[in-house]
Amino acid sequence: MQKTAIVLGATGLTGGNLVEELLKNNTYSKIKLFSRSSLGRKDAKLEEHLVDLFKLEDYKDNFIADHVFCCIGTTKSKTPDKETYKKIDHGIPVTAAKLSAKNNAECFIVISAMGADANSKIFYNQTKGKMEQDVMVKNVPNIYIIRPALIVGDRTEKRFFEKLATHAFKIFNFMLVGKLKKYRSVKSIHIAKTMIEVANYGYPDSIIKSNKISELATTYDGRN
């Protein structure tokens, strides 16, 4: 039986990769995008909902799918105001998980970050950690949290320091072995494939650490 997917954050790097992979995957007959702006992508499987993501509950009647993928996230440089940052990185995912539970979604998957810790003294790590805690208690049968290290890929926006870090990680990735392997940079396309893989085939743990992402993406490629 074909499935319906919801994607939040489709206009971002990983979200865009995810949409393209979902369109190619015959498991899904419909992909609903909940975004503030249009992706500008035309396909019979796509259904765009241009909404105020801070008022996601206003659109609960359309927030119905088998699998919900949350790729929402911002950065300190893009959102320096901490309250707005919290609304984006905590508020939207938690509301999405709440609606997923209400509307009987089978699976909810959200991208967090390495270092997420509700008890951290670092605001950004703490915000991600609290988001994880509040998502995990929602009554969705399968909830998975993806914790990537630095995400790399072809962005439409240019982040100078992130670009430098990306080049540095390309050089040093091969040196990060053993316990350090988890610090390797992660390709956004690998995160997208991992999200679809675990949504359909599960994973033993609720939290998927960075060093497992490429492995799961390879498993996904082997199935498709």
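In this report, the structure presented in the accompanying data block is examined. (Residues numbered from 1 in each chain as written. Predicted model: local features only at pLDDT ≥ 70, side-chain atom pairs only at ≥ 80, totals over all residues. Heavy atoms only, no water.)

1. Focus: the pairing of strand β2 (residues 28-35)
The element β2 is extensively covered by neighbouring structure, given that six of its eight residues are classed as buried. Summarising the sheet, strand β1 (residues 3-8) and β2 pair through six bridges and their orientation is parallel. From the neighbouring strand, Thr-4 faces β2, where its bridge partner is Lys-30. In this fold, β1 hands off to helix α1 (residues 13-24), which returns the chain to β2; that crossover is right-handed. Inspection of the sheet shows β2 paired to strand β3 (residues 46-50) by five bridges, in the parallel sense. Among the inter-strand pairings, Leu-33 is bridged to a residue of β3, identified as Glu-48. (Buried < 20%, exposed > 50% of the residue type's maximum accessible area, 1.4 Å probe, protein only. Helix = DSSP H or I, 4+ residues; strand = E, 2+ residues; numbered from the N terminus. Pairing = 2+ DSSP bridges. Right-handed = clockwise from strand over helix to strand, strands pointing away.)

2. Some remarks on helix α2 (residues 82-102)
Between its terminal C-alpha atoms α2 stretches 29 Å, which fits the 30 Å expected from 21 residues at 1.5 Å a residue. Of all bends in α2, the biggest is about 35°, found at Gly-91, and the proline Pro-93 comes one to four residues later. Those residues of α2 that fall on the buried side of the exposure criterion are Tyr-85, Ile-88, Asp-89, His-90, Ile-92, Pro-93, Val-94, Ala-96, Ala-97, Leu-99 and Ser-100. Following α2 by one or two positions, Asn-104 has its phi on the positive side, about 60°. (Expected span 1.5 Å × (residues − 1). Bend = angle between axes of the 7 residues up to and from the residue.)

3. Regarding the side chain of Lys-128
Structurally, the position occupied by Lys-128 is in helix α3 (residues 123-136). Taking the relative accessible area as the measure of exposure, Lys-128 reaches 10% and is therefore buried. Residues within four places of Lys-128 in sequence aside, it is in contact with Tyr-85, Asp-89, Ile-111, Ser-112, Ala-113 and Ala-116. (Contact = heavy atoms within 4.5 Å.)

4. Quick notes on the environment of Ala-44
Within the secondary structure, Ala-44 sits in the loop between β2 and β3. Take Ala-44: its relative accessible area is 86%, and that puts it in the exposed class.

5. Some thoughts on unusual backbone geometry
Non-glycine residue Asn-104 carries a positive phi angle of around 60°. By the secondary structure assignment, Asn-104 is in the loop between α2 and β5 (107-111). Take Asn-104: its relative accessible area is 66%, and that puts it in the exposed class.

6. Quick word on the nonpolar core
The biggest cluster of nonpolar side chains holds 31 residues, and the ones touching the most others in it are Val-7, Leu-18, Leu-22, Phe-69, Ile-109, Ile-191 and Met-195. Looking at this core, the elements with two or more residues in it are β1, α1, β2, β5, β6 (142-147), α5 (188-201) and α6 (210-223). Leave out the neighbours within four places in its chain, and Ile-191 touches Thr-14, Ile-111, Ile-146, Pro-148, Ile-151, Val-186 and Ile-213. By size, the runner-up hydrophobic cluster in this structure holds 25 residues, among which are Ile-6, Ala-105, Phe-108 and Ile-145. (Core = buried A, V, L, I, M, F, W, Y, C linked by side-chain atoms within 4.5 Å.)

All quantities given are derived from atomic positions and should not be read as evidence of function.
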